[in-house]
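# Working through the structure, step by step
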Amino acid sequence: METTIAARDPRQQVALHQALTEIADYDPLIRLRPAADPGDLRITIYGEVQHQVIADTLALDHDIDVTFRSTKIICVERPVGPGAAVRRIGDPEHFFGSTLGAKIEPNTPGAGVDLVIAVPRLSIPLHVYSTIDGFRAALSDYLHDPLAAGPHGWQVVDIRITITESDYNPPGPTPADVRHTLGIVVSEAIRRAGTVVCKPIDRFRLETSTTTLAGALGLLGRHRAVPDTPRLEADLAVVTGTIPSAELDHLRRALSSATHGEGLFESQLDHYAP
């Protein structure tokens, strides 16, 4: 989940940023980034329970009272087909001293980002990057910005990017020329390919008594869970399966009633699905 956090006292906003940076350093489930509104901050959290934990930590350890708003589930985008784009030195409205062409394709779900350099060695500015591996490593770093937000505003994942064209005019290009040109062609290729928004799916495990199993399964069904066949161990039932992450907090709030307080539920992010 992602939420906007702000200090109730605007004068504490800088102190809030420093405090959240410290918290994120020791809690890997929390990530911090600027929000659209100047001064606001957005943090990635795991579940609404962390709202209160973070608020209490900030109040007790840093004397900062905060508010949360605009909480939403974090999705990702995957390309749905191939796309390509190119920018060449001298093209109208291309002001950077680098030529780059890129083709993008969907990658296997969960495979991440693959970058392939498919251009002649002489077309690579090795006087800037020393080796082909150095060029590939630099381009991998440059991909952060164009992949951070796809056409729907979410991070683009599971994508194969092939560099199909490269050229330059000595003594150029500068690294900034290459970075900006790569960002333009990759963003355009993704837009041409199109993307699908994929929502997070958690894998869960639920332990409850056999006497409350029917009620627990009914609750799981109402929250769009897909349970595996329950495993019975004496009077204990163990249910595993998958559930949309957006349903987790609602499920947890209702679980105590459905299992008469006997349910033990745990989950973790498993994958993303359209």
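Our structure's up above, just so we're on the same page.
My aim in this report is to walk through the structure given alongside it, one point at a time. As the structure is a computational prediction, the values presented were derived from the model and not from experiment.

## Section: the layout of surface pockets
Counted as a void, the largest pocket has a volume near 440 Å³. Forming the walls of the largest pocket are 15 residues, and the residues nearest its centre are Glu2, Arg31, Arg33, Ile74 and Gln155. Of all the secondary-structure elements, those providing two or more residues to the lining of the largest pocket are strand 2 (31-34) and strand 15 (264-273). Here the element with the most residues in the lining of the largest pocket is strand 2; it accounts for 3 residues. Each residue belonging to the lining of the largest pocket can be placed in one class, and the counts come to 8 nonpolar, 3 polar and 4 charged. Lining the second largest pocket are 18 residues, with Met1, Thr44, Ile45, Tyr46 and Leu269 sitting closest to its centre.

## Focus on the side chain of glutamate 2
Assignment of secondary structure puts glutamate 2 in strand 1 (residues 2-7). Among the polar contacts listed, one links the side chain of glutamate 2 to the side chain of arginine 42, at a separation of 2.9 Å. Beyond its immediate sequence surroundings of up to four residues, glutamate 2 is in contact with Arg33, Arg42, Ile43, Thr44, Ser70, Thr71, Lys72 and Ile74.

## Quick notes on the pattern of salt bridges
One pass over the full model with this rule turns up 12 salt bridges. Notably, a salt bridge pairs glutamate 188 with arginine 192, separated by 2.5 Å at the nearest N-O pair. Residue glutamate 188 and its partner arginine 192 are both found in helix 6 (residues 175-193); the two are separated by 4 residues, about one turn of the helix. Given the relative accessible area of 52%, arginine 192 is considered exposed. In this structure, arginine 224 and glutamate 247 form a salt bridge, with 3.1 Å as the shortest nitrogen-oxygen distance.

## Some points on the nonpolar core
Formed by 27 residues in total, the largest nonpolar core has its most connected members in Ile117, Leu139, Leu147, Ile161, Ile163, Leu182 and Val186. Taken together, the elements giving at least two residues each to this core come down to strand 7 (99-106), strand 8 (113-117), helix 3 (126-129), helix 4 (132-142), strand 10 (159-167) and helix 6. With residues near it in sequence (within four places) discarded, valine 186 still touches Ala102, Leu143, Pro146, Leu147 and Ile161. With 16 residues, the next largest nonpolar core counts Leu16, Ile23, Ala55 and Ile64 among its residues.

## Observations regarding the side chain of glutamate 188
Judged by its relative accessible area of 11%, glutamate 188 falls in the buried class. In this structure the side chain of glutamate 188 is engaged in a polar contact, spanning 2.5 Å, whose partner is the side chain of arginine 87. When neighbours within four sequence positions are excluded, glutamate 188 is seen to be in contact with Ala85 and Arg87.

## A few points about the environment of threonine 108
Summarising the element assignment, threonine 108 is placed in the loop between strand 7 and strand 8. The class of threonine 108 is exposed, set by a relative accessible area of 53%.

## What to know about the packing of helix 7 (residues 213-222) against helix 8 (residues 248-258)
In the contact formed by helix 7 and helix 8, the axes pass within 10 Å of each other and the chain directions differ by 160 degrees. Viewed along their axes, helix 7 and helix 8 adopt a mutual orientation that is roughly antiparallel. Judged by the twist between their axes, the crossing of helix 7 over helix 8 is right-handed. Facing helix 7, whose interface residues are Gly215, Ala216, Leu219 and Leu220, helix 8 presents Leu251, Ala254, Leu255 and Ala258. A breakdown of the residues in the contact of helix 7 with helix 8 according to their chemical character gives 7 nonpolar, 1 polar and no charged.

## Regarding the packing of aromatic side chains
Here the distance between the centres and the angle between the planes together describe a pair of aromatic rings. With the rule as written, the count across this model stands at 2 aromatic pairs. Ring centres of phenylalanine 204 and phenylalanine 265 lie 5.7 Å apart, and the angle between their planes is 20 degrees; on these two criteria the pair is classed as stacked. With phenylalanine 204 in strand 11 (residues 195-209) and phenylalanine 265 in strand 15, this pair connects stretches of sequence that are 61 residues apart. Relative accessible area serves as the criterion here: at 2%, phenylalanine 204 is assigned to the buried category. Look at phenylalanine 265 and you get buried, because its relative accessible area is 13%.

Conventions used here
- Residues numbered from 1 in each chain as written.
- Predicted model: local features only at pLDDT ≥ 70, side-chain atom pairs only at ≥ 80, totals over all residues.
- Heavy atoms only, no water.
- 1 Å grid on protein atoms, 1.4 Å probe; cavity = no way out; pocket = protein on both sides within 12 Å on 5 of 7 lines; lining within 4 Å.
- Points joined across faces, edges and corners; volume = space filled by probe spheres on them.
- Helix = DSSP H or I, 4+ residues; strand = E, 2+ residues; numbered from the N terminus.
- Nonpolar A, V, L, I, M, F, W, Y, C, P; charged D, E, K, R; others polar.
- Polar contact = N/O pair within 3.5 Å; in protein donor to acceptor, adjacent residues only side chain to side chain.
- Contact = heavy atoms within 4.5 Å.
- Salt bridge = Lys/Arg side-chain N within 4 Å of Asp/Glu carboxyl O.
- Buried < 20%, exposed > 50% of the residue type's maximum accessible area, 1.4 Å probe, protein only.
- Core = buried A, V, L, I, M, F, W, Y, C linked by side-chain atoms within 4.5 Å.
- Axes fitted to C-alpha atoms, helices over the stretch in contact; angles between N-to-C directions.
- Parallel < 35°, antiparallel > 145°, perpendicular 65-115°, else oblique.
- Left-handed = near helix turned anticlockwise from the far one by under 90°.
- Phe/Tyr/Trp six-rings, centres within 6.5 Å; stacked < 30°, edge-to-face > 60°.

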